[in-house]
Amino acid sequence: SIVNGNEIFAAARKGHYAVGAFNTNNLEWTRAILAAAQETNTPVLIQTSMGAAKYMGGYELCNMLVRETVKSMDITVPVVMHLDHGNYEAALEAIRAGYTSVMFDGHDLPFEENLEKTKEIVDLAHAANISVEAEVGSIGGEEDGIVGAGELADVEEAKQIAALGVDYLACGIGNIHGKYPANWTGLNFDRLKEIADAIDTPLVLHGGSGIPKEQIQKAISMGVSKVNVNTECQLAFQEATRKYIEAGKDQEGKGYDPRKLLAPGTQAITDIVKERIEWFGTPALG
Ligand code: G3H
Ligand code: ZN
């Protein structure tokens with residue numbers, strides 16, 4: 001069933017585990033992520049970036065795709081339909097389209113304006129029983145046109161944003177979107193501790209692809225309750241598809257049929273999502 005994120009993440013922070021949020025791009029991605037959640041019997045977030053929503057034909061279509069796929073696959077685990085890194089307009093559109101959770105990413109605004117806009121989105125979304133993620137500091141690197149310098153989140157700013165009643169908070173702690181550079185020095189656990197000590201809000205770790213398992217698990221033990229993963233699914237899909245084509249399978253037995261051609265990549269996404277769910281310690285539902 002499609003739910004909002006509130007209960008899932010409040011329980012996760014208290015229970016010192018995280019729930020994964022995985023980006024979708026199309027039907028196969030959606031099916032792959034849902035299959036992993038169902039097979040592990042755990043809750044999951046499916047999220048679309050603004051770019052992916054545009055690619056897929058808009059927020060209404062994304063919302064419908066996920067909801068109808070949940071039905072057609074008989075998915076019984078809780079699924080949150082989430083907007084990833086939305087600007088103000090995108091957050092409003094996703095709320096209107098029926099998403100159950102939205103991220104308003106105001107990291108590039110002056111802080112006062114981030115605070116103001118986040119409050120507006122929180123008020124609107126909560127009135128419609130929709131959860132809200134906000135961001136302080138920024139995530140380094142680039143994802144679908146969202147660029148960040150990677151500034152560490154300021155603890156005072158985190159407190160002020162949390163006080164608006166946001167349901168989960170993304171904070172810059174040295175994490176980066178996309179592949180991590182060879183000279184990356186790791187997550188800033190000192191800053192994470194300061195933030196986690198200051199607020200009870202479940203924290204979100206963006207840039208989940210390429211962070212060593214030990215660092216992810218340490219961050220989760222300290223208050224991270226949502227981990228976002230995108231690039232790793234893309235790499236897994238690419239690798240499996242490439243192997244299939246390089247082995248000439250796309251020519252054997254009508255292997256060029258898209259339903260066959262896309263199957264190995266889709267399975268590879270399911271496999272990586274299942275592995276990440278295990279890393280995050282998401283407990284199976286009773
Ligand atoms: O918002 C999405 C994530 O932060 C994904 O980052 O592509 O590095 O896994 P990633
Ligand atoms: Zn992100």
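Residue positions are given per chain, counting from 1 as you read along its sequence in written order. Ligands are numbered from 1 and chains lettered from A, in the order in which they are written. The predicted nature of this model means local features are confined to residues of pLDDT at least 70 and side-chain atom pairs, given and counted, to a pLDDT of 80 or more, with totals for whole chains, interfaces and linings taken over all residues.

We now examine the pairing of strand 9 (residues 168–171). Here exposure depends only on C-beta density: within 10 Å of a residue's C-beta, 20 or more other C-beta atoms make it buried, 12 or fewer make it exposed, and intermediate numbers make it partly exposed, the C-beta atoms being placed from the backbone. Secondary structure elements are defined from DSSP: runs of H or I of at least 4 residues count as helices, runs of E of at least 2 residues count as strands, and each element is numbered from the N terminus. By the alternation rule, side chains of strand 9 split into Tyr 168 and Ala 170 and Leu 169 and Cys 171, which are all buried. Relative to strand 10 (residues 203–205), strand 9 runs parallel, the two sharing two bridges. Residue pairing for strand 10: Ala 170 is matched across the bridge by Val 204. Taking the sense of rotation as the criterion, the β-α-β connection linking strand 9, helix 8 (residues 189–198) and strand 10 turns out right-handed. Two strands pair if DSSP finds at least two bridges between them. With the strands pointing away from the viewer, any crossover whose connection runs clockwise from the first strand over the helix to the second is right-handed.

Once that is clear, we can look at helix 4 (residues 59–72). Residue count minus one, scaled by 1.5 Å, sets the expected span of a helix. For helix 4, spanning 14 residues, the distance from its first C-alpha to its last is 20 Å, which sits close to the expected 20 Å at 1.5 Å a residue. All of the buried residues in helix 4 are Tyr 59, Cys 62, Asn 63, Leu 65, Val 66 and Val 70. Buried positions in helix 4, seen along its axis, are confined to an arc of 160° and lie on one side of it. Exposed side chains of helix 4 directed beyond 90 degrees from the buried face belong to Glu 68, Lys 71 and Ser 72. Buried positions along helix 4 lie against strand 1 (2–3), helix 2 (27–40), strand 3 (44–48), helix 3 (50–56), strand 4 (79–86) and helix 5 (88–97). By definition, the arc is the one covered by directions from the helix axis to the C-beta atoms. In this description, any two residues whose backbone-derived C-beta atoms lie within 7 Å of each other are considered to be in contact.

Once that is clear, we can look at helix 12 (residues 263–280). A rise of 1.5 Å per residue sets the reference length of helix 12, with its 18 residues, at 26 Å; its end C-alpha atoms lie 26 Å apart and thus fit the reference within 8%. For helix 12, the full list of buried residues reads Gly 265, Thr 266, Ala 268, Ile 269, Thr 270, Ile 272, Val 273, Arg 276, Ile 277 and Phe 280. For helix 12, the elements touching its buried residues are strand 2 (19–23), helix 2, helix 9 (213–222), strand 11 (224–229) and helix 10 (231–246). Where helix 12 ends, the next residue or the one after it, Gly 281, has phi of about 70°, a positive value.

The next thing to look at is the confidence of the model for the chain. Per-residue pLDDT for the chain averages 97, and the proportion of residues at 70 or more is 100%. Taken over the whole predicted complex, pTM reads 0.98, whereas the ipTM for its chain interfaces reads 0.99. Confidence of the prediction at every residue is given by pLDDT, a number between 0 and 100.

So, on to the pairing of strand 6 (residues 131–136). Every other side chain in a regular strand lies on the same face of the sheet, so the side chains alternate between the two faces. Within strand 6, six of the six residues are buried, leaving the element largely enclosed by the surrounding structure. Neither face of strand 6 is exposed, since Ser 131, Glu 133 and Glu 135 on one face and Val 132, Ala 134 and Val 136 on the opposite face are all buried. As judged from the four bridges shared by strand 5 (residues 101–104) and strand 6, these two strands associate in the parallel manner. Directly across from Phe 104, in strand 6, lies its bridge partner Ala 134. The parallel pair strand 5 and strand 6 is bridged by helix 6 (residues 111–127), and the resulting crossover is right-handed. Pairing of strand 6 with strand 9, which is carried by four bridges, proceeds in the parallel orientation. Residue pairing for strand 9: Val 136 is matched across the bridge by Cys 171.

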